[in-house]
Every structure is written in structure tokens, then in C-alpha cells.
Amino acid sequence: MTDDAIRVDYALAMDDGSGCGLTNAQLEAEAPAFERGLRRVLAEAEGGRLGFWGLPDDTIDLEKVQAFASELSDAVTDIVVLGIGGSSLGGRALVEALGPAVAPPDARRIHYPDNSDPWRLDGLLRALDPKATLAVVISKSGGTVETAAQLLVVRQWFRDGGVAMKDHLVAITDPESGLLRSLADTEGLRSFDIPSNVGGRFSVLTPVGLLPGALAGFDMAGLLKGAGAMRDRCARTVLKENPAGIVAALHVLHHRLHGRPIHVMMPYSDALRGYANWFVQLWAESLGKRLDRQERVVETGPTPLPAVGATDQHAQVQLFMEGPKDKLVTFVALDQPLAKRAIPTEEGPYAYLGGHDLAELLDYERRATALALAGDGRPSLTIHLPRLDAPALGGLFFLMEAATAIAGELYGIDAFDQPGVELGKRLAYGLLGRKGYEDAASEVQELERTLPRHRV
Ligand code: PA5
């Protein structure tokens, strides 16, 4: 491990460091299951069924997005990314993490309306000029209703603005199948691929994240390089040498042995708020499952919770400190802050702050919170980034993707499907009157009709 590497410090998740319950013997006992799980993940990747593992080597897509970004006219000042879930959260986290806190006035702005709530999309479209806007529509399946509805709204907005769709709309979708692929091919839209063997929530290192990142002018080659370096570390079969293995094993063991199903992701950096939200979706949708691999009902899965330091010290940390001992907190620390701002020295009640820096204050608060939690037997681990740049972010994304895949193995579930969201989708299609979903419409009516009345 070089000085430049991401480090996972887990002393405060272990019994000898903090009295938090997990012994070395318990961790060691999980090593064989970890090794079996990792070997299975590696075999799936090798067999071409788990595409995310190979993405750091994908120079073809990288070159395509870079070429597109460099050719895009300077007249385009705004990018609107249409997509939801895995088609939105990763790119959004990336753009937020690598962008300056306040973008210079001439920088391209990247917008992620994400939800289909018209409050945001409508407001956004009213503020933008269609002639200066590029819409990037992202859907792996091509059928996601929220994204399809937004796409139709934006297409109409372009038509009303008198701009040519081909110059203002690009698609990122499956290379071969789905409605968005057909639309892009039929209309000759510029398009990029999400490899068929990469699921939405594991797609940030495909054009889903690379294109918005390149359009914003960030170092996407560095992102993949950092992810590749982390991928190599996450392929190690010795548990204590594998950062993703350690992250996965700690979470699963604290859940299974110590009743801690709540997994908090708490970066001490505003730039990583989006990362915490990305993690929540990755962890929840991958690990919350009714059936295990043997089709037995297990209804398992942790509950991920986003938090940000120091903001949440004045919100959720009271609960983390004194509420149920059912949480494992992951802090993310920047060893080199993104910015510094000296706190001026002034006589009077705040004199003790003088000579410090705002970044230093943030870091002291993180350390103090971790120790305070540990003092009451509440475990945490800390992911240290040497700095927050594109390679480190690539490593950070890959670390949690690999940890998710390994945790899926340790929970004994399939981390790559999401059957639980299908019923809700079917019922919504029924309400929309979509052809072929007539049964679902009657099902909704019947369910709502027979519900007992409890109203106030
Ligand atoms: O991770 C996933 O698979 C999901 O969250 C999807 O990304 C989300 O449902 C959007 O799907 P799609 O990209 O097909 O529009």
C-alpha cells in the first residue's frame, strides 16, 4: 500500500480497540466465507457475468465520452441529466464531489432533477434556455417510467424551443435492448452504452458517470485509474489485506452477531453528501432481499443511513450516541482538506478558536465523535482518503461496490437483482392505463376498496 492509498481504519469496530463487541476471533472465523465469496465474485467477473469488476479497464468508452465532451459546443452551458436510481445517483455524486463548492460563472452547470416531481423539473426548464442545453437521458432498461415521462417533457420543451433533437439529446442505455435503445437508433441520436452485464447501481464507472464527469471537465481517466488500483486490492483473498472484504465482513458481523443492522455512511465533507446517498441506494437495493440463494425466505438486509459531519452532530448524532446500539458508522475523512479557511483570532468568548482552521475543526469533530461513540461501546470505521480527487473518488466508488458484492455473498443473497421493486412498478403501470397491465389496474382498485378505513 502506497502513501497515496485509501486506508480503512477499523480499530474502533473491534473489541480490543473500543469494547464494541467484535473480536479478532470472530473476524478470523469469517475469513473462509469471505474467501469463498470473493472467489465466486471473481469467477463471475471472469466469466463476463459481473461487468462492474472490469470497468476500470474500459478505455473505449472513456475515449468516446472524452471525444464527445471536447467536441461539444461552448454554446452549451447547461446539461440536464434525466435518470433515476442507479442512473442518477452515481453521476450526481461524482459531479458533486469533484466540482468546486461554488462553480465559476463560466463553468457548465450539470443538473440532476432525478425525481419525477414536476416542482423541480418544471422550475429547471423555466430557468434554462433549450438552445444552450444538452439533455442526457440515462436508462439501462429503457423502460423506467419516471425517466420516460421526463424524457417526453424535455423533448416537447426542445420542440417548443425550436431546437433539433439530434443536437440536444443524447442517450445512455443498454447496447442492444430496450425502448430507449430503439428510440436512439430510430432517431439517430448520439448514444453511449451501459454494458449489458452492469446493473444500474454498479454503473457509475460507465458513461453513466463518465459522460457527465467529462462534460464537467473532470479527470475521468484518473477516476478509472484509481478504481483499478482499488480493484486490485479488493481481489486479494486474505481477508485482512482486502479493504472491501474488511468493510463487508465488519458490517455483516456487526449485524449478525451484535444486532447492528443500521449502517451509517457519514463523510466529514460536504462534497461527499452525494456519495453517501449513492452508497445508501447501492447497499439497500443490493442487500435487502426476501430470498437467499437457496430460495429460502430470509427477509434480510441492513438499513443504510446517510449522514454528514459536522452537520449531523446537531441532528442524528444524539441518536447514534444514546439511542439503540444498533448501528455501525462509517466515517469518511479527507486527509488533505479540499479547502482551508483560517479562523481569525479575536479577543473575547471565542478566542479559543483563533489560530485554527475550519478544515481542522471539521477533522477534530470527526475524531471526537468517533471516540465518543466508542467510549460507549458504539462501533465505527473510518475510510481515509489521501485527498478528494478523481483517482481517490474512483477508488472510493469501487471499494463500496466490491464490498457490496462480497457482503451479498456473506448474507447468502443475490446482490445484483431487485425483485422487490417490481410489484410497485406493475401497479403504477396499471394506474397509468398501460396496455398489458389491465389486471394490475383492477388489483389496485380492489386493494384500495377493501382497505379498512382508519382516518383522522
Ligand atoms: O440499480 C438499479 O438497478 C436501479 O436503481 C436502476 O438504476 C433504476 O431503477 C433505474 O433503472 P434504469 O436505468 O433501467 O432506468
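See the structure printed just above.
The shown structure was predicted, so the numbers you read here are calculated from the model rather than taken from an experiment. (Residues numbered from 1 in each chain as written. Predicted model: local features only at pLDDT ≥ 70, side-chain atom pairs only at ≥ 80, totals over all residues. Heavy atoms only, no water.)

Engineer: Mind showing me how you'd approach the pattern of salt bridges here?
Structural biologist: Proximity of charged atoms lets side chains of opposite charge pair with each other. Here the structure, examined in full by the defined rule, presents 29 salt bridges. One salt bridge in this structure joins Arg273 and Asp270, with 3.5 Å as the shortest N-O distance. On the basis of relative accessible area, Arg273 is assigned to the partly exposed category, the value being 35%. Since its relative accessible area comes to 48%, Asp270 is described here as partly exposed. The salt bridge involving Glu446 is made with Arg449; its shortest N-O contact spans 2.9 Å. Taken together, the residues span about one helical turn, with Glu446 and Arg449 both in helix H18 (residues 438–450) at a distance of three residues. One salt-bridge network, in which partners are shared between bridges, spans Arg40, Arg293 and Glu409. (Salt bridge = Lys/Arg side-chain N within 4 Å of Asp/Glu carboxyl O. Buried < 20%, exposed > 50% of the residue type's maximum accessible area, 1.4 Å probe, protein only. Helix = DSSP H or I, 4+ residues; strand = E, 2+ residues; numbered from the N terminus.)

Engineer: I tried to follow the environment of Asn197 on my own but got confused; where do I start?
Structural biologist: Residue position: Asn197 is located in the loop between strand E6 (190–193) and helix H10 (207–215). A relative accessible area of 32% means that Asn197 is categorised as partly exposed. C-alpha of Asn197 to C-alpha of Phe52: the two residues are 145 residues apart in sequence and 7.6 Å apart in space. A polar atom in the side chain of Asn197 sits 2.9 Å from the backbone oxygen of Gly48. (Polar contact = N/O pair within 3.5 Å; in protein donor to acceptor, adjacent residues only side chain to side chain.)

Engineer: Would you mind showing me how to read the side chain of Ser380 here?
Structural biologist: Tracing the backbone through its elements, the reader meets Ser380 in strand E12 (residues 380–385). Look at Ser380 and you get buried, because its relative accessible area is 1%. Residues in contact with Ser380, not counting those within four places in the same chain, are Leu12, Ala13, Leu328, Val329, Phe331 and Ala370. (Contact = heavy atoms within 4.5 Å.)

Engineer: Where do I start with the sheet that holds strand E11 (residues 327–334) in this structure?
Structural biologist: Strands belonging to one sheet form pairs held by backbone hydrogen bonds; the direction of such a pair is parallel or antiparallel. On the basis of which strands lie adjacent, the open sheet formed by five strands has the order E1-E12-E11-E7-E10 and mixed pairing. Every other strand in the sheet has two partners, leaving strand E1 (7–9) and strand E10 (303–306) as the edge strands with one partner each. Shown here is a sheet whose adjacent strand axes are inclined to one another by a mean of 20°, direction ignored. As paired elements, E11 and E12 share six bridges and run parallel to each other. The residue of E12 that forms the bridge with Val332 is Ile383. Where helix H13 (residues 273–287) meets the sheet, it contacts strand E7 (262–267) and E10, and its direction lies at approximately 175° from that of E10. Lying on the sheet, helix H16 (residues 390–411) is in contact with E1, E7, E11 and E12; it crosses E12 at an angle near 145°. (Pairing = 2+ DSSP bridges. Axes fitted to C-alpha atoms, helices over the stretch in contact; angles between N-to-C directions.)

Engineer: What exactly am I supposed to notice about the pairing of strand E2 (residues 78–82) here?
Structural biologist: Both faces of the sheet carry side chains from a regular strand, because those side chains alternate between them. Taken across its five residues, E2 has five buried, putting it largely inside the fold. A two-sided burial pattern is seen for E2, the buried positions comprising Asp78, Val80 and Leu82 on one face and Ile79 and Val81 on the other. By the bridge criterion, three bridges tie E2 to strand E3 (residues 109–111) in an arrangement that is parallel. By the bridge assignment, Asp78 is partnered in E3 with Arg109. Between E2 and its parallel partner E3, the chain crosses via helix H5 (residues 89–98), and the hand of that crossover is right-handed. Alignment of E2 against strand E4 (residues 133–139), held across five bridges, turns out to be parallel. Each residue of the ladder has a partner; that of Asp78, found in E4, is Thr133. (Right-handed = clockwise from strand over helix to strand, strands pointing away.)

Engineer: It is not clear to me how unusual backbone geometry should be interpreted in this structure. Could you clarify?
Structural biologist: Apart from glycine, the bulk of residues carry a negative phi angle, and the bulk of peptide bonds sit in the trans form. With omega at 0°, the peptide bond leading from Gly309 into Ala310 counts as cis. Relative to the elements of secondary structure, Ala310 occurs in the loop between E10 and helix H14 (317–322). Phi at Glu295 takes a positive value of approximately 65°, unusual for a residue other than glycine. With respect to the helices and strands, the residue Glu295 is situated in the loop between strand E8 (289–291) and strand E9 (297–300). The class of Glu295 is exposed, set by a relative accessible area of 62%. Its identity is not glycine, yet Glu299 carries a phi of approximately 40°, on the positive side. Following the sequence through the fold, Glu299 ends up in strand E9. We classify Glu299 as exposed; its relative accessible area is 58%.

Engineer: What am I meant to see in the site of the ligand here?
Structural biologist: As a structural note, the neighbourhood of the ligand is formed by 13 residues, with Ser87, Ser139, Ser141, Thr144 and Gln281 the closest of them. A distance of 2.6 Å is found between an oxygen atom of the ligand and a side-chain nitrogen or oxygen belonging to Ser141. In the model, an oxygen atom of the ligand is placed 2.4 Å from a nitrogen or oxygen of the Thr144 side chain. Protein contact buries 88% of the 380 Å² of open area that the ligand shows by itself. Split by residue class, the shell around the ligand holds one nonpolar, nine polar and three charged. (Near = heavy atom within 4 Å. Areas by Shrake-Rupley, 256 points an atom, 1.4 Å probe, with all protein chains shown as cover. Nonpolar A, V, L, I, M, F, W, Y, C, P; charged D, E, K, R; others polar.)

Engineer: Sorry if this is basic, but what is going on with the environment of Arg120 here?
Structural biologist: Looking at the element boundaries, Arg120 is found in helix H6 (residues 118–127). The exposure class assigned to Arg120 is partly exposed, which follows from its relative accessible area of 42%. Excluding its chain neighbours within four sequence positions, the residues that come into contact with Arg120 are Tyr112 and Pro113.

Engineer: Please explain helix H3 (residues 31–46) as it appears in this structure.
Structural biologist: For H3, which comprises 16 residues, the first-to-last C-alpha distance of 22 Å matches the rise-based estimate of 22 Å (1.5 Å per residue) to within 8%. Looking only at H3, the buried set comprises Ala31, Phe34, Gly37, Leu38, Val41 and Ala45. Down the axis of H3, the smallest arc covering the buried residues is 125°, so these residues share one side. Of the residues in H3, the exposed ones pointing more than 90 degrees away from the buried face are Arg36 and Glu46. Against helix H2 (24–29), helix H11 (220–234), helix H12 (243–258) and H16 lie the buried residues of H3. Just downstream of H3, Gly48 is the residue with a positive phi angle, here 80°. (Expected span 1.5 Å × (residues − 1). Arc of directions from axis to C-beta.)

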